[in-house]
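Here are the chains, one letter per residue:
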Amino acid sequence: MSSMEESLSQEFFFRTRQIKAMASVLSPPNSRIPPVFVYDQGSGGKSAIVRRSLELSADAFAFVDCVLYPNHKVLFETIINQLTGHVPSSENGYENHSKCERMGDFIWMLAELACEHRVILVFDHAERLRTLSPPILPAPLRLDALTDRLVSCIFISEVVWEHFRPSHVWTEPLLVHFDPYTKDEL
């Protein structure tokens, strides 16, 4: 058992299978990983385990809750801010690190930021990505190819992949299902 698995198992009880899946996805460091689709019916610990797994890894990551971002511009700029450590404040006029008006701008910025290490983008409540205008799926499923860098995405959702899946998908994600807690586990 890896140190990541040991640490996560001490923090999150009854999630051994899911912890092993996340540790497997994230190892070895700086290797290509497929997009990952993590799902359950709610309150299964998926967001917390994914976030903590990334905190324990050596990867640069951005974790965004799609409920909070009404359009792709704000979503993209928030991701770039997180990856660069930039915080809009009064000292910088509440400016973002970079403007990302279009998917192309976002891809270019990711390619610049992911030159030396793997970057993972996490979209919590990912089902909200389907409602953005203009639609951005399936581009996040192909970010490694579009940036020619080690960039991958983890999508966290309460919707099963079959209902989430865009009509044109070139890369099928790795599916990680979180079973509901049983009465005994609660």
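Residues numbered from 1 in each chain as written. Predicted model: local features only at pLDDT ≥ 70, side-chain atom pairs only at ≥ 80, totals over all residues. Heavy atoms only, no water.

**A word on the sheet that holds strand S2 (residues 60-65)**
Here is the rule: What makes two strands pair is DSSP finding at least two bridges between them. Secondary structure counts use DSSP, requiring at least four H or I residues in a row for a helix and at least two E residues in a row for a strand, with both numbered from the N terminus. Under this scheme, a helix contributes an axis fitted over its contacting stretch, all axes are lines through C-alpha atoms, and angles between N-to-C directions fall in the 0 to 180 degree range.
Across the sheet, five strands lie side by side as S2-S3-S4-S1-S5; this open sheet has parallel pairing. The two strands at the open ends of the sheet, each matched to only one other strand, are S2 and strand S5 (174-177). For this sheet the average axis-to-axis angle between neighbouring strands, irrespective of direction, equals 15°. Inspection of the sheet shows strand S1 (residues 36-39) paired to S5 by four bridges, in the parallel sense. Residue pairing in the sheet places Tyr39 in a bridge with His177 of S5.

**What to know about the packing of helix H1 (residues 3-11) against helix H2 (residues 16-26)**
The criterion, for reference: The cut-offs work like this: below 35 degrees is roughly parallel, past 145 is roughly antiparallel, 65 to 115 is roughly perpendicular, and the gaps in between are oblique. A crossing counts as left-handed when the near helix is turned anticlockwise from the far one by less than a right angle, and as right-handed when that turn is clockwise. For this analysis, residues touch if any pair of their heavy atoms sits within 4.5 Å. We call Asp, Glu, Lys and Arg charged. Ala, Val, Leu, Ile, Met, Phe, Trp, Tyr, Cys and Pro are nonpolar, and the rest, Gly among them, are polar.
Interaxial distance between H1 and H2 falls to 10 Å at its minimum, and their mutual angle equals 150°. Looking at the two axes, H1 sits roughly antiparallel to H2. The handedness of the crossing between H1 and H2 comes out as right-handed. Residues Met4, Glu5, Leu8 and Ser9 of H1 lie in contact with H2, whose contacting residues are Ile19, Lys20, Ala23 and Leu26. Along the lines of polarity and charge, the residues of the contact of H1 with H2 split into five nonpolar, one polar and two charged.

**Side note on the state of the cysteines**
The line we're drawing: Cysteine sulfur pairs qualify as disulfides if the two atoms are within 2.5 Å. The classification of residues rests on relative accessible area computed with a 1.4 Å probe and restricted to protein chains. Under 20% of the type maximum is buried, over 50% is exposed, and intermediate values are partly exposed.
For the coordinates displayed, the defined rule picks out zero disulfides. Here Cys66 is not cross-linked by a disulfide; its sulfur's nearest cysteine counterpart is in Cys153, at 10 Å. Sulfur of Cys100: no disulfide; nearest cysteine sulfur belongs to Cys153 and is 14 Å away. Residue classification places Cys100 among the buried positions, given a relative accessible area of 0%.

**Describing the packing of aromatic side chains**
How we decide: Each Phe, Tyr or Trp ring (for Trp, its six-membered ring) is paired with any other whose centre lies within 6.5 Å, and the angle between the two planes then decides the class: stacked below 30 degrees, edge-to-face above 60, tilted in between. Both a distance and an angle decide whether a charge sits over a ring: NZ of Lys or CZ of Arg must be within 6 Å of the ring centre and within 35 degrees of the ring normal.
All chains considered together, the criterion is met by seven aromatic pairs. Geometrically, the ring pair formed by Phe37 and Tyr39 is tilted, given 5.8 Å between the ring centres and 35° between the ring planes. Each member of the aromatic cluster is reached from another via a ring pair, and the members are Phe37, Tyr39, Phe123, Phe155, Trp161 and Phe164. Directly above the ring of Tyr181 sits Arg15, whose terminal nitrogen or CZ lies 3.9 Å from the centroid. Positioned above the aromatic ring of Phe63 is the side chain of Arg51, whose terminal nitrogen or guanidinium carbon lies 3.9 Å from the ring centre.

**A look at the side chain of Asp124**
What counts is decided by this rule: When charges are tallied, Lys and Arg are placed among the positive residues and Asp and Glu among the negative ones, while His and the ends of the chain are skipped. A pair is scored as a salt bridge if a Lys or Arg side-chain nitrogen falls within 4 Å of a carboxyl oxygen belonging to Asp or Glu. Pairs of N or O atoms are called polar contacts if they sit within 3.5 Å, as long as, within protein, a hydrogen donor faces a hydrogen acceptor (for residues adjacent in sequence, only side-chain-to-side-chain pairs).
Tracing the chain through its elements places Asp124 in strand S3 (residues 119-124). One buried charged side chain, Asp124, makes no salt bridge at all; its nearest oppositely charged neighbour is Lys46, positioned 6.0 Å away. A polar contact of 2.8 Å, which involves the side chain of Asp124, links it to the side chain of Ser47. Apart from residues no more than four positions distant in its own chain, Asp124 is found in contact with Ser47, Phe63, Val64, Asp65, Cys66 and Ile156.

**Considerations on the packing of H1 against helix H3 (residues 46-56)**
H3 packs onto H1 with a crossing angle of 145° between their chain directions and a minimal axis gap of 10 Å. Viewed along their axes, H1 and H3 form a crossing whose handedness is right-handed. Here H1 contributes Met4, Ser7, Leu8 and Glu11 to the contact with H3, which in turn contributes Ile49, Arg52, Ser53 and Leu56. Grouping the constituent residues of the contact of H1 with H3 by class yields four nonpolar, two polar and two charged.

**A look at unusual backbone geometry**
Of the consecutive residues Ser27 and Pro28, the connecting peptide bond is found in the cis state with omega at -10°. Cis geometry marks the peptide bond from Leu137 to Pro138, where omega comes out at 15°. Within the fold, Pro138 resides in the loop between S3 and helix H6 (143-147). Despite not being glycine, Asn30 has its phi angle at roughly 55°, a positive value. As for its placement among the helices and strands, Asn30 is situated in the loop between H2 and S1. Within the chain, Asp148 stands out as a residue other than glycine whose phi angle is a positive 55°. The residue Asp148 is located in the loop between H6 and strand S4 (151-157) in this model.

No statement about biological role is implied by the geometric values presented.
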